[in-house]
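# Commentary on secondary and tertiary structure
Spelled out from the first residue to the last, the chains are:
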Amino acid sequence: MKVLVIGGGAREHALCRSLSLDPDVTALHCAPGNAGIADVAETHPVDALDGAAVAELAASLSADLVVVGPEAPLVAGVADVLRERGFPVFGPSADAARLEGSKAFAKDVMAAANVPTARAYVCTTPEEIDEALDAFGPPYVVKDDGLAAGKGVVVTSDLTAAREHALACDRVVIEEYLDGPEVSLFAITDGETVLPLTPAQDFKRALDGDEGPNTGGMGAYSPLPWAGPELVDEVMESVLQPTVDELRRRGTPFSGLLYAGLAITSRGVRVIEFNARFGDPETQVVLARLKTPLGGVLLNAATGDLAAQPPLNWSDDAAVTVVIASHNYPGTPRTGDPIEGLAEAAEVDKAYVLHAGSRRDEAGRVVSAGGRVLSVTATGEDLATARTRAYEAVSRIRLDGSHHRTDIAEKAASA
């Protein structure tokens with residue numbers, strides 16, 4: 001089949017890499033893609049938010065499957081335009097993608113489906129904000145109701161900082177702080193059947209030791225040695241299936257990738273947030289371990305045939321990914337810096353580099369083009385080996401002013 005992937009980050013590079021390894025995928029395209037994706041797929045310059053333009057491209061390619069990667073095109077309704085044109089699409093409708101596009105909507109769905117989550121207030125005035133902050137106390141959890149590219153959440157014990165962030169949002173969700181380790185669990189669904197993937201853990205803070213500001217994610221690992229298989233069963237029963245059932249009951253069935261961000265609290269599993277697409281950087285390590293060809297699974301979800309999908313086959317190997325970020329990320333990142341050492345990094349056994357914010361300049365050099373620039377990924381028989389390989393590959397890459405965390409999967413690997 002011919003597959004078109006929409007997006008241009010490391011998540012889309014991971015998707016394209018896995019699809020390129022699927023013997024049933026005869027042609028692979030990505031729009032707009034990036035400098036790394038161009039090595040495994042034919043890239044096309046298109047505005048990912050322009051549904052009509054994406055549909056025209058899909059028609060010109062005679063695409064058998066369109067995979068919409070990022071959240072913004074999903075919330076903008078790109079999947080709806082494609083479906084109206086008759087294309088099988090992996091990705092939810094705009095109505096269903098509100099699960100990520102509006103945190104207040106997600107809270108409403110969870111309440112109706114009896115899904116365990118943090119208590120929260122939705123605030124639109126300074127008075128409501130002050131009442132909510134006072135009700136919960138520190139640490140304060142303040143979330144912009146809309147999409148914010150992974151930077152709309154502030155968790156702080158500083159009341160002034162929490163209030164400033166809340167006042168900067170048109171509508172804000174203020175909720176109780178959830179203790180305990182966090183887990184990301186993805187599930188592929190066609191709106192009825194739910195197929196969970198393997199759990200992963202990502203690292204949101206910019207600096208070692210979970211210090212510094214929140215980011216889109218600085219690294220991830222899988223599997224989780226401290227979380228048994230019963231975790232997936234519990235989340236399927238209490239979170240994923242009820243949410244999918246509730247959205248179908250409302251007449252807005254969710255077809256695509258449902259991502260549950262979870263806290264394993266002292267009172268049990270609680271949903272921190274939902275996303276309507278593969279998470280970045282967790283996708284990089286989850287797909288690194290998936291042995292089942294990806295194209296057929298996504299097509300079955302897109303065509304409503306997921307119930308016929310055989311069980312997924314997973315590698316016993318562990319996977320670790322480390323994000324290399326540009327100067328000043330997650331502030332205003334510097335771009336246009338040459339990236340060197342990519343070939344040397346790829347020489348590390350079972351390591352490879354996935355591009356996020358990269359492009360080729362006029363001279364043909366690969367240069368930085370965003371905040372998170374690369375996801376350096378490696379596998380190994382255990383987390384310690386995968387981690388060693390990933391950091392060896394990282395050490396061979398040169399990007400002026402860049403930074404990365406040095407403690408990704410450190411605790412889990414030494415446990």
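Given the structure is predicted, the values throughout are model-derived calculations rather than measurements. (Residues numbered from 1 in each chain as written. Predicted model: local features only at pLDDT ≥ 70, side-chain atom pairs only at ≥ 80, totals over all residues. Heavy atoms only, no water.)

### What to know about the pattern of salt bridges
Here the structure, examined in full by the defined rule, presents 27 salt bridges. Of the charged contacts, one joins arginine 11 and glutamate 12 as a salt bridge, the two residues approaching to 2.7 Å between their closest N and O atoms. For arginine 11, a relative accessible area of 8% gives the class buried. Here arginine 334 makes a salt bridge to aspartate 400, at a shortest N to O gap of 2.8 Å. Within this pair, whereas arginine 334 is found in the loop between strand E18 (318–325) and helix H12 (342–346), its partner aspartate 400 is found in the loop between helix H13 (383–395) and helix H14 (410–414), the two being separated by 66 residues in sequence. The partly exposed category is assigned to arginine 334, whose relative accessible area is 29%. (Salt bridge = Lys/Arg side-chain N within 4 Å of Asp/Glu carboxyl O. Buried < 20%, exposed > 50% of the residue type's maximum accessible area, 1.4 Å probe, protein only. Helix = DSSP H or I, 4+ residues; strand = E, 2+ residues; numbered from the N terminus.)

### Looking at the nonpolar core
Soluble globular proteins tend to bury their nonpolar side chains together. Counting 78 residues, the largest nonpolar core has Leu4, Val66, Leu82, Leu99, Leu240, Val320 and Ile397 as the members making the most contacts within it. Sequence-distant contacts of leucine 4, defined by excluding residues within four places in its chain, comprise His29, Cys30, Ala31, Val54, Leu57, Ala58, Leu61, Ala63, Leu65, Val66 and Val67. The next biggest cluster of nonpolar side chains, apart from the first, holds 38 residues, and it includes Val3, Leu65, Leu257 and Val285. (Core = buried A, V, L, I, M, F, W, Y, C linked by side-chain atoms within 4.5 Å. Contact = heavy atoms within 4.5 Å.)

### Looking at the side chain of aspartate 337
When you line up the elements, aspartate 337 lands in the loop between E18 and H12. Within polar-contact distance, the side chain of aspartate 337 engages the side chain of arginine 334 at 2.9 Å. Contacts of aspartate 337, omitting those with residues within four sequence positions, involve Val366, Val367, Ser368, Leu399 and Asp400. (Polar contact = N/O pair within 3.5 Å; in protein donor to acceptor, adjacent residues only side chain to side chain.)

### Remarks on the packing of helix H6 (residues 103–113) against helix H9 (residues 230–249)
Relative to each other, H6 and H9 sit at 105°, their axes nearing to 9 Å. One finds that H6 runs roughly perpendicular with respect to H9. Counting all contacts with H6, which are made through Phe105, Val109, Ala112 and Ala113, the residues of H9 involved are Pro242, Thr243, Glu246 and Leu247. (Axes fitted to C-alpha atoms, helices over the stretch in contact; angles between N-to-C directions. Parallel < 35°, antiparallel > 145°, perpendicular 65-115°, else oblique.)

### Some remarks on the packing of aromatic side chains
Within the structure shown, the criterion is met by 5 aromatic pairs. Ring centres of phenylalanine 186 and phenylalanine 278 lie 5.8 Å apart, and the angle between their planes is 90°; on these two criteria the pair is classed as edge-to-face. Of this pair, phenylalanine 186 sits in strand E10 (residues 182–189) while phenylalanine 278 sits in the loop between strand E17 (268–275) and helix H10 (282–289); the two residues are 92 residues apart in sequence, bridging distant segments of the chain. Judged by relative accessible area, which is 3%, phenylalanine 278 ranks as buried. Geometrically, the ring pair formed by phenylalanine 203 and tyrosine 221 is tilted, given 6.1 Å between the ring centres and 45° between the ring planes. Taken together, the residues span a long stretch of sequence, with phenylalanine 203 in the loop between strand E12 (201–202) and strand E13 (205–207) and tyrosine 221 in strand E15 (residues 219–222) at a distance of 18 residues. Given a relative accessible area of 11%, phenylalanine 203 falls into the buried group. (Phe/Tyr/Trp six-rings, centres within 6.5 Å; stacked < 30°, edge-to-face > 60°.)

### Remarks on helix H2 (residues 51–61)
The complete set of buried residues in H2 reads Gly51, Val54, Ala55, Leu57, Ala58 and Leu61. Summarising the axial view, the buried residues of H2 lie within an arc of 160°, below the 170-degree limit, and thus occupy one face. Its buried side turned inward, H2 meets strand E1 (2–7), strand E2 (27–32), strand E4 (65–68) and helix H4 (78–84). Two or three places before alanine 52, at the start of H2, stands the capping residue aspartate 50, its side-chain oxygen 3.2 Å from that residue's backbone nitrogen. Just past H2, the residue serine 62 takes up positive phi, approximately 55°. (Arc of directions from axis to C-beta.)

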